[in-house]
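Inside the fold
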Amino acid sequence: MKNKIRKVGYGLENKKSYAEWWRDDMRMMYAVCTEFGIKYWAILQPNMYMEIIR
């Protein structure tokens, strides 16, 4: 039975950088807010995906 499982899929593979993900997310949120007449302010903040620079 265990030999029948070959691979777990997590959707389509994507080679975007974290910066590109952030930019695309900001554009999408801005578009949604604009559609509903909501003012949108994007704020860049540190997160767990940023590498620690020493």
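Please refer to the structure placed before this passage.
Report on the accompanying structure. (Residues numbered from 1 in each chain as written. Predicted model: local features only at pLDDT ≥ 70, side-chain atom pairs only at ≥ 80, totals over all residues. Heavy atoms only, no water.)

Notes on the overall build of the protein chain
Selection rule: The numbering of helices and of strands both runs from the N terminus, where a helix is a DSSP run of H or I of at least 4 residues and a strand a run of E of at least 2. To sort residues, take the accessible area from a 1.4 Å probe on protein chains only and compare it with the maximum for the residue type: under 20% means buried, over 50% means exposed, and anything in between is partly exposed. Reported accessibility uses the Shrake-Rupley method at a 1.4 Å probe radius. Residues are deemed covered only where the shown protein chains occlude them.
Helix and strand counts for the protein chain stand at 1 helix and 0 strands. Put simply, the protein chain has 54 residues, and 4% of those count as buried. Total accessible area computed for the protein chain in this model is approximately 6,400 Å², and 61% of it derives from carbon and sulfur atoms.

Description of the packing of aromatic side chains
Quick note on the threshold: Only Phe, Tyr and Trp rings are paired, with Trp represented by its six-membered ring, and only when their centres lie within 6.5 Å; those with planes under 30 degrees apart are stacked, over 60 edge-to-face, the remainder tilted.
Tallied over the entire structure, the rule returns 1 aromatic pair. Arranged with centres 6.5 Å apart and planes meeting at 65°, the rings of tyrosine 30 and tyrosine 40 form a pair that is edge-to-face. Here tyrosine 40 lies in the segment after helix H1 (18-35) and tyrosine 30 lies in helix H1, a separation of 10 residues in the sequence. By relative accessible area, tyrosine 40 is classed as partly exposed at 23%.

Brief notes about the pattern of salt bridges
The following threshold applies: Salt bridges, as used here, are contacts in which a Lys or Arg side-chain nitrogen is within 4 Å of a carboxyl oxygen on Asp or Glu.
Evaluation of the coordinates by the stated rule reveals 3 salt bridges. Across the pair lysine 15 and glutamate 13 runs a salt bridge, and its minimum N-O distance is 2.6 Å. A single burial state applies to lysine 15 and to glutamate 13, both of which are exposed. Residue lysine 16 pairs with aspartate 24 through a salt bridge whose shortest N-O separation is 2.6 Å.

Overview of a nonpolar patch on the surface
Under the convention used in this document: Nonpolar side chains (Val, Leu, Ile, Met, Phe, Trp, Tyr) within 5 Å and like charges within 9 Å form the patches, drawn only from residues with over 30% relative accessible area and no salt bridge.
On the surface, a cluster of nonpolar side chains totalling about 450 Å² of accessible area is made up of Met28, Val32, Phe36 and Ile38. By secondary structure assignment, the location of methionine 28 is in helix H1.

Some points on H1
For clarity, the threshold we go by: To estimate how far a helix should extend, the number of its residues minus one is multiplied by 1.5 Å.
Between its first and last C-alpha atoms H1 spans 26 Å; for 18 residues at 1.5 Å apiece the expected length is 26 Å, and the two agree. Downstream of H1 by a residue or two, glycine 37 has a phi angle that is positive, lying close to 70°.

What to know about the environment of leucine 44
In this fold, leucine 44 is placed in the segment after H1. Leucine 44 gets classed as exposed once you look at its relative accessible area, which sits at 65%.

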